[in-house]
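The lines below spell out each chain.
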Amino acid sequence: LCDSRRPLPILRSEFPAVNFDSVQHDDDPLWYKYQVEYGNHLKFDGMRESTDGMHLYRRAREAWTMLSQRPERNVVVVGHSAFFMHMFQPYLDEMMGVVEYADDEVRALMMDAGFGNCELKSVAFEIP
């Protein structure tokens, strides 16, 4: 399943150098939330989280807040390209204002091209 996080014990065994202490659940609670709402992924092949603007907004805000509270100056964030697309290229009204760009050049860099699979992008940010 491309949209579901693998169980935490599997991630820990595959990536022993990564600290997963802040991960609160062994299984993916977001996957469960949308499975309850929409049913089994084999029967419902439409978009799930990508149409839930308020949930995306809260999740994006929580992510930025958590990152701003980290003591490190450089952090690697791995996630689904659809989540990053909604965060940096808001198509839903609820997501407007989650990210504000410093200038038009940065805006064009982040918004003109989509997010590819396994793509790397660097972002510097400030929490107002």
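From a predicted model like this one, the values you see are computed outputs, not experimental measurements. (Residues numbered from 1 in each chain as written. Predicted model: local features only at pLDDT ≥ 70, side-chain atom pairs only at ≥ 80, totals over all residues. Heavy atoms only, no water.)

So, on to the nonpolar core. In terms of nonpolar packing, the biggest core is built from 14 residues, with Trp64, Phe83, Met87, Phe88, Val98, Val99 and Phe115 touching the most fellow members. Sorting the residues of this core by element identifies helix 3 (53–68) and helix 4 (81–88) as the ones contributing at least two each. Among the elements that make up this core, the one with the highest residue count is helix 4 (five residues). Those residues within four positions of Phe88 in sequence are excluded, and the remaining contacts are Trp64, Val99, Tyr101, Met110, Met111, Phe115 and Val123. (Core = buried A, V, L, I, M, F, W, Y, C linked by side-chain atoms within 4.5 Å. Buried < 20%, exposed > 50% of the residue type's maximum accessible area, 1.4 Å probe, protein only. Helix = DSSP H or I, 4+ residues; strand = E, 2+ residues; numbered from the N terminus. Contact = heavy atoms within 4.5 Å.)

Moving on to the pattern of salt bridges. Within the structure shown, the criterion is met by three salt bridges. With a shortest N-O distance of 2.9 Å, Arg70 and Glu72 are connected by a salt bridge. For Arg70, a relative accessible area of 36% translates into the label partly exposed. One salt bridge connects Arg107 with Asp104, and the closest N-O pair in it is separated by 3.8 Å. With a gap of three residues between them, Arg107 and Asp104 both fall in helix 5 (residues 104–111), about one helical turn apart. Arg107 sits in the partly exposed class, given a relative accessible area of 36%. Residue Asp104 is classed as exposed on the basis of its relative accessible area, which comes to 60%. (Salt bridge = Lys/Arg side-chain N within 4 Å of Asp/Glu carboxyl O.)

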